[in-house]
Each structure stands twice: as structure tokens, then as C-alpha cells.
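Here is what each chain is made of, one letter per residue.
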Amino acid sequence: MSIVDDLVENLVERNTVKLNGTLTISLVDGGLAVKGRLLSTLRDQRKGKDLLNVDIPVDAQVRVSDVVIPLPPIR
């Protein structure tokens, strides 16, 4: 096996990621706001152990610029 195969097997095939949490999506002037908290756990399936627990706060805003739709001239 190559090094890449070993890396893929150890990181991807043996591990699972579990996500829990809540997100609130709201409309704001010009876009969206996303707030909440995610809890993530990385688990090694072969050994049956949790490798990493992460508590991720989420606070993001996405803004969309003005959309201009050109109209053909009316004659």
C-alpha cells in the first residue's frame, strides 16, 4: 500500500464524525444571519474511542448585493 492509501484508511475509513446542535437562520437587511452552536465528535470506529470533541459557536452574516435586471425598451 502507498502512504496515501494508509492515510485515507486511517483518517476516513476508520473514523466517523457526529454533528449535533442548533442553527437559527434569519433574514436581515440585504441577506441572511446564521447563529447557533454545533457539537462535533470524531470517533475511531476500530478502537471504539472518541478522538476529538469540539464545541463550535456559529455567528455569520451573508449579504447579497443589489440585483439589477435590465429591461428591454418598450416602444
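Residues numbered from 1 in each chain as written. Predicted model: local features only at pLDDT ≥ 70, side-chain atom pairs only at ≥ 80, totals over all residues. Heavy atoms only, no water.

1. Here we look at the overall build of the protein
Along the protein, the regular secondary structure elements total one helix and three strands. Secondary structure elements of the protein, listed N to C terminal, follow the sequence α-β-β-β. Compactness check: the protein gives a C-alpha radius of gyration of 22 Å against a globular reference of 11 Å for 75 residues, more than 25% above the reference. With the C-alpha coordinates aligned to their principal axes, the bounding extent of the protein is approximately 75 × 30 × 15 Å. Relative to its full complement of 75 residues, the protein shows a buried share of 11%. For the protein, the accessible area works out to roughly 6700 Å², and carbon and sulfur atoms hold 59% of it. Each charge sign in the protein was given a centre, from 10 positive and 10 negative side chains, and these centres are 4 Å apart. (Helix = DSSP H or I, 4+ residues; strand = E, 2+ residues; numbered from the N terminus. Rg over C-alpha atoms; globule rule 2.2 N^0.38 Å. Buried < 20%, exposed > 50% of the residue type's maximum accessible area, 1.4 Å probe, protein only. Areas by Shrake-Rupley, 256 points an atom, 1.4 Å probe, with all protein chains shown as cover. Lys, Arg positive; Asp, Glu negative; His and termini not counted. Charge placed at Lys NZ, Arg CZ, Asp CG, Glu CD.)

2. With respect to the side chain of Ser40
Position of Ser40 relative to the elements: it lies in strand S2 (residues 31–44). With relative accessibility at 14%, the residue Ser40 sits in the buried group. Excluding residues that lie within four positions of it along the chain, Ser40 makes contacts with Val17, Lys18, Leu19, Leu52, Asn53, Val54 and Ile56. (Contact = heavy atoms within 4.5 Å.)

3. Considerations on the sheet that holds strand S3 (residues 49–63)
For sheets, the rule is that strands pair by backbone hydrogen bonds, running either parallel or antiparallel. Spatially, S1-S2-S3 is the arrangement adopted by the three strands of the open sheet, whose pairing is antiparallel. Looking at which strands have only one partner, the edges of the open sheet turn out to be strand S1 (15–28) and S3. Neighbour-to-neighbour, the strand axes of the sheet open up by a mean angle of 10°, direction not taken into account. (Pairing = 2+ DSSP bridges. Axes fitted to C-alpha atoms, helices over the stretch in contact; angles between N-to-C directions.)

4. Details of the pairing of S3
In this sheet, S3 lies alongside S2 in antiparallel orientation, the contact comprising 14 bridges. Counterpart to Ser40 in the pairing with S3 is Val54. Between S2 and S3, which pair antiparallel one after the other, the connecting turn spans four residues, and Gly48 there sits at a positive phi close to 70°.

5. Looking at the environment of Asp29
In this fold, Asp29 is placed in the loop between S1 and S2. Exposure remark for Asp29: the relative accessible area of 71% places this residue in the exposed category.

6. Observations concerning the pattern of salt bridges
Here the structure, examined in full by the defined rule, presents three salt bridges. Residue Asp44 pairs with Arg14 through a salt bridge whose shortest N-O separation is 2.7 Å. Separated by 30 residues along the polypeptide, Asp44 in strand S2 and Arg14 in the loop between helix H1 (3–13) and S1 bring together distant segments of the chain. You can call Asp44 buried: its relative accessible area is 5%. Taking the shortest distance from any N to any O, the salt bridge between Arg37 and Asp55 comes out at 3.1 Å. Of this pair, Arg37 sits in strand S2 while Asp55 sits in strand S3, placing them 18 residues apart in sequence. (Salt bridge = Lys/Arg side-chain N within 4 Å of Asp/Glu carboxyl O.)

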